[in-house]
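# Analysis of the macromolecular model
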Amino acid sequence: MFERLELILKRFQEITQLLMDPEVSSDIKKMTTLMKEQRGMEKTVETYQKYLSMQEQIKGLTLMAEDSDPDISQMASLELSEIETKMAELEEALKILLLPKDPNDDKNVIVEIKGAAGGDEGNIFAGDLYRMYARFAEANRWKIEMLNADEGAMGGFTSIEFMISGDNVYSSLKYESGVHRVQRVPETESQGRIHTSTATVLVMPEAEEVEIDISWNDIRVDTYNSSGPGGQSVNTTKSAVRLTHVPTGTMVACQEGKSQHENKDKAFRLLKTRIYDSILQEQNEKETMQRRSLVGRGDRSEKIRTYNYPQNRVTDHRINLTLQRLDAIMEGRLELVLEPLLNEFQRRQLAGDHE
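For the structure given in this document, a descriptive report is provided here. This structure is a prediction, so every number in the text was calculated from the model and none was measured. (Residues numbered from 1 in each chain as written. Predicted model: local features only at pLDDT ≥ 70, side-chain atom pairs only at ≥ 80, totals over all residues. Heavy atoms only, no water.)

## Overview of the pattern of salt bridges
- Inspection of every chain in the model, using the stated rule, returns 21 salt bridges.
- Residues glutamate 176 and arginine 305 are paired through a salt bridge, measuring 2.7 Å at the closest nitrogen-oxygen approach. Of this pair, glutamate 176 sits in the loop between α6 (169–173) and β4 (178–184) while arginine 305 sits in strand β9 (residues 303–308), and the two are 129 residues apart along the sequence.
- For glutamate 176, a relative accessible area of 0% puts it in the buried group.
- Salt bridges sharing partners connect three or more residues here, namely Glu145, Glu262, Asp265, Lys266 and Arg269. (Salt bridge = Lys/Arg side-chain N within 4 Å of Asp/Glu carboxyl O. Helix = DSSP H or I, 4+ residues; strand = E, 2+ residues; numbered from the N terminus. Buried < 20%, exposed > 50% of the residue type's maximum accessible area, 1.4 Å probe, protein only.)

## Brief notes about a nonpolar patch on the surface
- Among the surface-exposed residues, Met64, Ile72 and Met75 lie close enough to one another that they form a single nonpolar patch of about 230 Å² accessible area.
- In this fold, methionine 64 is placed in helix α3 (residues 28–65). (Patch = residues over 30% accessible without salt bridge, like charges linked within 9 Å, V, L, I, M, F, W, Y side chains within 5 Å. Areas by Shrake-Rupley, 256 points an atom, 1.4 Å probe, with all protein chains shown as cover.)

## Some words on the sheet that holds strand β8 (residues 250–254)
- Taken together, the three strands give an open sheet; going across it, the order is β6-β7-β8, and neighbouring strands pair in antiparallel fashion. Each edge of the sheet is formed by a strand with only one pairing partner; in this case those strands are β6 (219–224) and β8. Adjacent strand axes in the sheet meet at a mean angle of 15°, parallel and antiparallel pairs treated alike.
- Bridging between β6 and strand β7 (residues 240–245) involves six bridges; their strand directions are antiparallel. When the sheet's bridge partners are listed, arginine 220 is paired in β7 with threonine 244. (Pairing = 2+ DSSP bridges. Axes fitted to C-alpha atoms, helices over the stretch in contact; angles between N-to-C directions.)

## Some thoughts on helix α1 (residues 2–19)
- Under the 1.5 Å per step criterion, the end-to-end length of α1 is 26 Å for 18 residues, consistent within 8% with the ideal 26 Å.
- Those residues of α1 not exposed but buried are Leu5, Leu9, Phe12 and Ile15. Taken down its axis, α1 places every buried residue within 125° of arc, on the same side. Summarising the geometry of α1, the exposed residues directed more than 90 degrees from the buried face are Glu3, Leu7, Lys10 and Gln17.
- In this fold, the buried residues of α1 make contact with α3 and α4 (70–97). (Expected span 1.5 Å × (residues − 1). Arc of directions from axis to C-beta. Contact = heavy atoms within 4.5 Å.)

## Section: the packing of α1 against α3
- At a minimum axis distance of 8 Å, the contact between α1 and α3 shows a crossing angle of 135°. Judged by the inter-axis angle, α1 sits oblique to α3. Helix-helix and strand crossings are classified by hand; for α1 and α3 the assignment is left-handed. (Parallel < 35°, antiparallel > 145°, perpendicular 65-115°, else oblique. Left-handed = near helix turned anticlockwise from the far one by under 90°.)

## Points about the packing of aromatic side chains
- Following the criterion strictly, the structure yields seven aromatic pairs and no others.
- Between phenylalanine 136 and tryptophan 142, the ring centres sit 5.6 Å apart and the planes meet at 85°, which makes this aromatic pair edge-to-face.
- On the numbers, 4.7 Å between centres and 20° between planes, the contact of tryptophan 216 with phenylalanine 268 is stacked. Remark: phenylalanine 268 occurs in helix α7 (residues 260–286) and tryptophan 216 occurs in the loop between β5 (195–205) and β6; sequence separation between them is 52 residues.
- Put simply, the rings of Tyr130, Phe157 and Phe162 pair up and form one aromatic cluster.
- Above the plane of the ring of phenylalanine 345 lies lysine 174, whose end atom (NZ or CZ) is 5.7 Å from the centre. (Phe/Tyr/Trp six-rings, centres within 6.5 Å; stacked < 30°, edge-to-face > 60°. Lys NZ or Arg CZ within 6 Å of the ring centre and 35° of its normal.)

## Brief notes about the environment of glycine 155
- For glycine 155, the position within the fold is in the loop between β2 (143–151) and β3 (157–165).
- Since its relative accessible area comes to 26%, glycine 155 is described here as partly exposed.
- Setting aside its immediate chain neighbours within four residues, glycine 155 contacts Asn123 and Ile124.

## Some details on the side chain of glutamine 183
- Relative to the helices and strands, glutamine 183 is located in strand β4.
- Among the residues examined, glutamine 183 registers a relative accessible area of 17% and is labelled buried.
- Residues contacting glutamine 183, with those up to four places away along its chain left out, are Ile194, His195, Thr196, Thr306, Tyr307, Asn308, Tyr309, Pro310 and Arg313.

## So, the packing of α3 against α4
- At a minimum axis separation of 9 Å, α3 and α4 run at an interaxial angle of 155°. With respect to α4, the element α3 is oriented roughly antiparallel. Both α3 and α4 take part in a crossing whose hand is left-handed.
- Of the residues belonging to the contact of α3 with α4, the class tally is 17 nonpolar, seven polar and six charged. (Nonpolar A, V, L, I, M, F, W, Y, C, P; charged D, E, K, R; others polar.)

## With respect to the environment of isoleucine 329
- Structurally, isoleucine 329 is set in helix α9 (residues 326–330).
- Along the backbone, isoleucine 329 and arginine 135 are 194 residues apart, and their C-alpha atoms lie at a distance of 9.6 Å.
- The residues touching isoleucine 329, leaving out its near neighbours within four places in the chain, are Met132, Val314, Leu323, Leu334, Leu336 and Val337.

The values are spatial; any link to function lies outside them.
Here you go:
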């Protein structure tokens, strides 16, 4: 472990020197690549430097603990005990920082939410989930861009697709894909009975130019009038765009932009991401169960979470986590669930869990 840490520290220092080189600073692309690489090492290097600093402190305190003056010796022994405890904690933190990283972790994401079982109530819940993610993004100072939305007749969305951009978005949200179940009394329920409905969430890392090459020659472009709730047309110009990638049959649509050109651009980004995501899923299927997913089974039809409104309860079924904080979570405090998920993922990685 410490050999790897030394190599990381050395590389970090090398990059610092390179960034001071006038030739590098004049090459924007190279400088951006180096800065991104260095940023990915910062936390590890900072933690390791704290660890090295404590090692030096221990050397001095060990000598003081052997001092003939009992007061000095006792004080040094107490400090030594505290620092050794802190060092053990730092060592565990370093083990986690050295775990293999998902190459998509620092990417932006495209999220798709669809109302599933439960008809109108499923669509309304899809809208509630969108609001939850939007609040969480706002708290993290991430940017949200709407790509496509089909509103439900009674509210919410039959389907909504949006991009979230910012630092390490995918690493935070990658475990959100799956079936989300809600238990509550719908507004349309006259007898006060609790209904169970579902919405599906799909989180996809945004595809970058270098990762996937799609030719416009392979894409069929259709234009149509934008529509609102229930499918009624909301304008008379064909600004909405539907793209179909003929080789794979992948189809996307976008009508949120102000012009056909804007919708075409958004739809193309969505199309690339969908195809990239399908490639990733195929790769995952070929890998071992541990590499596929350490939290849940990586199956997107899997029920991952239940939101019980009468009891103000959220349960994440993958790690058997239950919180009486549904109100806070729906207001965007999603870290209450995401942090325990990440901790469990890291615990299983460290333990080499092959479940």
